[in-house]
Amino acid sequence: MAITRQIEIPPGVDVTLEGSMLTVSGPKGTLARDMRFPQIDIKVEGGEVVVSTASNKKRFLAMSGTLEAHVKNMIRGVAEGYEYRMKVVYNHFPIQLKQQGGRLEINNFLGEKQPRMANIIEGVTIKIGSDEVTLTGIDKEKVGNTAANIEHATRITKRDPRVFQDGIYITERA
């Protein structure tokens, strides 16, 4: 029992496969990813990407679905891009944000003297508003990981999180 999954390539997006390296180009940019996995075949034919496996073992069925999701995310990323909105929440001490190269500097968090730092992964654009941070990029993984880095940098330890709700939190994914 062979499982075959087809992903349609929209107009304006170009998909090429060289060996196991899948390259997707579109109006927003280009993404490349190694799609190598044993017993799973990936082909680009007739305006669609075909992910197939001859095995019916759970491991290979699950991984074919994962590779299908990666291809869909890459196609959507180069066509539309991804945007995460984050809300800056504080009660007593106003949080100040500054971008310094590949890092986001978070000052005055809970009145701390030492600034907290969050890494901004290359390929992600950050826009800082008064109480909102907007992350944009074409790679869903990089945008999501950058948002997670910022959320993690403002994690509160040794205090009750129900009382101290300060931080920077993801409010919208688009």
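The notes below deal with the structure included here. Values in this document were obtained by computation on a predicted structure and should not be read as measured data.

Compared with the 32 Å implied by 1.5 Å per residue over 22 residues, the 32 Å span of helix α1 (residues 58-79) between its first and last C-alpha is a close match. Every buried residue of α1 is accounted for by Phe60, Ser64, Gly65, Leu67, Glu68, Val71, Met74, Ile75, Gly77 and Val78. Lining the buried residues of α1 we find β1 (3-8), β3 (21-25), β4 (30-34), β5 (40-45), β6 (48-53) and β7 (82-89). Positioned one or two residues after α1, Gly81 has a phi angle of 90°, which is positive.

Ranked by internal contacts, the top residues of the largest apolar core, which has 22 residues, are Leu97, Leu104, Ile106, Leu135 and Ile150. Secondary structure elements with two or more residues in this core: β7, β9 (103-107), β12 (132-137) and α2 (140-153). In contact with Leu135, not counting residues within four places along its chain, are Tyr82, Glu83, Tyr84, Met86, Val124, Thr125, Ile126, Val143, Thr146, Ala147 and Ile150. Listed in part, the 20 residues of the second largest apolar core include Leu22, Val49, Val78 and Ile138.

Let us look at the sheet that holds strand β2 (residues 14-18). On the basis of which strands lie adjacent, the open sheet formed by three strands has the order β2-β3-β4 and antiparallel pairing. The sheet terminates laterally at β2 and β4, the two strands that pair on one side only. Averaged over neighbouring strand pairs, the angle between their axes works out to 15° when direction is ignored. Of the pairings in the sheet, the one linking β2 to β3 comprises five bridges and is antiparallel in character. Pairing of Asp14 across the sheet is with Ser25, part of β3.

Of all six residues that make up β6, five are buried, and the element is covered over most of its length. Across six bridges, the pairing between β5 and β6 is antiparallel. Paired with Val44 across the strands is Val49, a residue of β6. Here β5 hands over to β6 after two residues, with Gly46 in that stretch at a positive phi of 55°.

Analysis parameters
Residues numbered from 1 in each chain as written. Predicted model: local features only at pLDDT ≥ 70, side-chain atom pairs only at ≥ 80, totals over all residues. Heavy atoms only, no water. Helix = DSSP H or I, 4+ residues; strand = E, 2+ residues; numbered from the N terminus. Expected span 1.5 Å × (residues − 1). Buried < 20%, exposed > 50% of the residue type's maximum accessible area, 1.4 Å probe, protein only. Contact = heavy atoms within 4.5 Å. Core = buried A, V, L, I, M, F, W, Y, C linked by side-chain atoms within 4.5 Å. Pairing = 2+ DSSP bridges. Axes fitted to C-alpha atoms, helices over the stretch in contact; angles between N-to-C directions.

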